Amino acid sequence: MKLYGSYTSPFVRHCRIVLLETGLACEFIETDMAGSATKSPTKRVPFLEDGNQLFTDSSSIIKYLREKVGNFFCASAKELDEYCLVNTALDTTINLFFIERDGVQVAGIPYLRRQAERIESSIAELNAMILPMSSPYNDAELRLACFIGWAKFRKRFDFAEFKNLENFFAAIQSYENFKATEPKV
Ligand SMILES: N[C@@H](CCC(=O)N[C@@H](CS)C(=O)NCC(=O)O)C(=O)O
């Protein structure tokens, strides 16, 4: 198997954690935007090749890897809903990050203001969740940790008023597979 991605992407980080957890052999191929533009129809990372199979989204990659070793991806509807909530917040935060990096003023465009509000309300909801303070972590929790880690790394969000999320993030630092995949430029 070959996983294409970057060392900064939170979506790729989640896949890398799952590779460590499952112990599956996989080559990591560092890929920039030019690389993903030619090799994946989504023009995004991650993507995974296994023989002649191509997976173009972190969620399908994680499901594929977990099922390969006889485990589940988001076993219950509740876990899937929590995973989707984190993913919406993450996807929206990254969307605004790229848009702002291209010089667009978020405050001047109604839909982008709505995107910013979506992030705020989703984070408040995530902060109200009951979160574990030690492993094992499920995929909704791992995705949440990858989101917080990326938002801190890129200085996109101040979590100071969200104490539950801060405590959860402090605790997951002692999980070796999370620590081993910290974002780096
Ligand atoms: N839904 C996708 C999102 C992946 C994604 O947004 N990746 C970012 C990197 S963090 C990317 O490649 N962005 C490039 C672009 O949007 O042009 C997944 O879960 O894999």
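Analysis parameters
Each chain carries its own residue numbering, running from 1 in the written order of its sequence. The model is predicted, so local features are restricted to residues of pLDDT at least 70 and side-chain atom pairs to those at 80 or more, both for listing and for counting; the totals for chains, interfaces and linings are taken over all residues. Water and hydrogen atoms were dropped before computing side-chain values, which therefore reflect all heavy atoms in the structure. In DSSP terms, a helix is any run of H or I states spanning at least four residues, a strand is any run of E spanning at least two, and both are numbered starting from the N terminus. For each residue, the accessible area found with a 1.4 Å probe, counting protein chains only, is set against the maximum for its type, and the residue is called buried under 20%, exposed over 50%, and partly exposed in between. In protein, a polar contact means a hydrogen-donor-capable atom and an acceptor-capable atom, both N or O and within 3.5 Å, with residues adjacent in sequence counting only if both atoms are side-chain atoms; elsewhere, any N or O pair within 3.5 Å suffices. Any residue with a non-hydrogen atom lying within 4 Å of a molecule or strand is treated as near it. Here the Shrake-Rupley method, with its probe set to 1.4 Å, supplies the accessible areas, and only the displayed protein chains count as covering residues. Note on disulfides: each one is a pair of cysteine sulfur atoms within 2.5 Å. Strands qualify as paired when DSSP identifies two bridges or more between them. Viewed with both strands pointing away, a crossover whose connecting path from the first strand over the helix to the second turns clockwise is right-handed. How far each domain reaches was decided by an automatic or database domain assignment. We call two residues in contact when some of their heavy atoms are within 4.5 Å. Summed over both partners, buried area is the accessible surface (1.4 Å probe) that two parts give up on being assembled. Salt bridge, as used here: a side-chain nitrogen of Lys or Arg that lies within 4 Å of a carboxyl oxygen of Asp or Glu. We call Asp, Glu, Lys and Arg charged. Ala, Val, Leu, Ile, Met, Phe, Trp, Tyr, Cys and Pro are nonpolar, and the rest, Gly among them, are polar. Aromatic contacts are taken between Phe, Tyr and Trp rings whose centres are within 6.5 Å, Trp giving its six-membered ring; a plane angle under 30 degrees counts as stacked, one over 60 as edge-to-face, and the others as tilted.

### A look at the side chain of T181
Among the structural elements, T181 can be located in the segment after α8 (176-179). Looking at T181, the relative accessible area reads 2%, which means it is buried. Engagement of the side chain of T181 in a polar contact is seen with the backbone oxygen of F178, the distance being 2.9 Å.

### Examining the site of the ligand
Every residue near the ligand is listed here: S9, P10, F11, M33, K43, R44, V45, P46, D57, S58, I94 and F98. In the model, a nitrogen atom of the ligand is placed 2.8 Å from a nitrogen or oxygen of the V45 main chain. The side chain of D57 places a nitrogen or oxygen atom 2.8 Å from a nitrogen atom of the ligand. Within the complex, 82% of the 520 Å² of free accessible area of the ligand lies under protein.

### A short note on the state of the cysteines
A covalent bond between the sulfur atoms of two cysteines is what we call a disulfide. A complete count under the given rule lists zero disulfides for this structure. Not engaged in a disulfide, the cysteine C15 finds its nearest cysteine sulfur in C146; these two sulfurs lie 8.9 Å apart. Not engaged in a disulfide, the cysteine C84 finds its nearest cysteine sulfur in C74; these two sulfurs lie 7.3 Å apart. Take C84: its relative accessible area is 36%, and that puts it in the partly exposed class.

### Concerning the pairing of strand β2 (residues 27-30)
Relative to β2, strand β1 (residues 2-5) runs parallel, the two sharing four bridges. Among the inter-strand pairings, G5 is bridged to a residue of β2, identified as E30. Regarding topology, helix α1 (residues 10-22) serves as the crossover connection from β1 to the parallel β2, and that connection is right-handed.

### Quick look at the domain arrangement of the protein
Where interface size is quoted, it is often the accessible area lost as the parts come together. With domains assigned, the protein is organised as domain 1 (2-68) and domain 2 (77-179). Using C-alpha coordinates to define each centre, domain 1 is positioned 20 Å away from domain 2. Taken together, the contacts link 14 residues of domain 1 with 19 residues of domain 2. Of the roughly 1,500 Å² buried at the junction of domain 1 and domain 2 (both faces included), carbon and sulfur atoms supply 57%. Two residues, R66 and D139, come together in a salt bridge whose shortest N-O distance is 2.7 Å. At the level of secondary structure, the elements contributing two or more residues to the side of domain 1 that touches domain 2 comprise α1 and α3 (58-68). Of all the elements, α1 adds the most residues to the side of domain 1 that touches domain 2, at eight residues. Along the lines of polarity and charge, the residues of the side of domain 1 that touches domain 2 split into seven nonpolar, four polar and three charged.

### Some points on the packing of aromatic side chains
Using the criterion set out here, one finds eleven aromatic pairs in the structure. Note on F73 and Y83: the rings are 5.1 Å apart at their centroids and 90 degrees apart in plane angle, and the pair reads as edge-to-face. Linking F73 in the loop between α3 and α4 (77-101) with Y83 in helix α4, this pair joins segments that are ten residues apart in sequence. When its relative accessible area of 2% is taken as the criterion, Y83 is described as buried.

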